[in-house]
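Chain residues, written in single-letter form:
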Amino acid sequence: MSRNAKINGLLLLLVAALAVLPLALGMGEGKEEPFAGADAQAETAITELKPDYEPWFSPLYEPPSGEVESALFALQAALGAGVLAYYFGVRKGRRQAAAAAPAPAPAPAPAADPAAAES
């Protein structure tokens, strides 16, 4: 097993642990919405600190439910991951193509000018 494969496996385990540990440790128990986003938590904190606060603007589109909002967020994340994967794939492909291309032949030396040699 190569060094890169070991590092990739370790990183994959770390990401899986970050996803599973909060669920396994019950970090969201006892809350109405255990894994609410930062926006909802900020809104709650603002209304507790200043109940008469008026937002400066309203959203352009308000999803009909939390599930639709989560689905749109997941779609946005998937599109972003796809763009990044495409970019890195193109870079790797170009690097591999440049490495596989034969080296250009050296240019032939210019022939001596016969007129300059006679002088």
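Structure first, text after, so check above.
Notes on the structure in this doc start here. (Residues numbered from 1 in each chain as written. Predicted model: local features only at pLDDT ≥ 70, side-chain atom pairs only at ≥ 80, totals over all residues. Heavy atoms only, no water.)

The subject of this paragraph is the overall build of the protein. The helix and strand inventory of the protein stands at four helices and zero strands. Each helix and strand of the protein, ordered N terminal to C terminal, gives the series α-α-α-α. Buried positions account for 2% of the 119 residues belonging to the protein. About 11,300 Å² of surface is accessible on the protein, with carbon and sulfur atoms providing 66% of the total. (Helix = DSSP H or I, 4+ residues; strand = E, 2+ residues; numbered from the N terminus. Buried < 20%, exposed > 50% of the residue type's maximum accessible area, 1.4 Å probe, protein only. Areas by Shrake-Rupley, 256 points an atom, 1.4 Å probe, with all protein chains shown as cover.)

Residue placement: leucine 72 occurs in helix H3 (residues 66-100). Discounting chain neighbours no more than four positions away, the residues touching leucine 72 are Tyr61 and Pro63. (Contact = heavy atoms within 4.5 Å.)

By the definition in use, this model includes one aromatic pair. Aromatic pair tyrosine 87 and phenylalanine 88: ring centres 5.2 Å apart, planes at 65°, arrangement edge-to-face. For tyrosine 87, a relative accessible area of 44% translates into the label partly exposed. (Phe/Tyr/Trp six-rings, centres within 6.5 Å; stacked < 30°, edge-to-face > 60°.)

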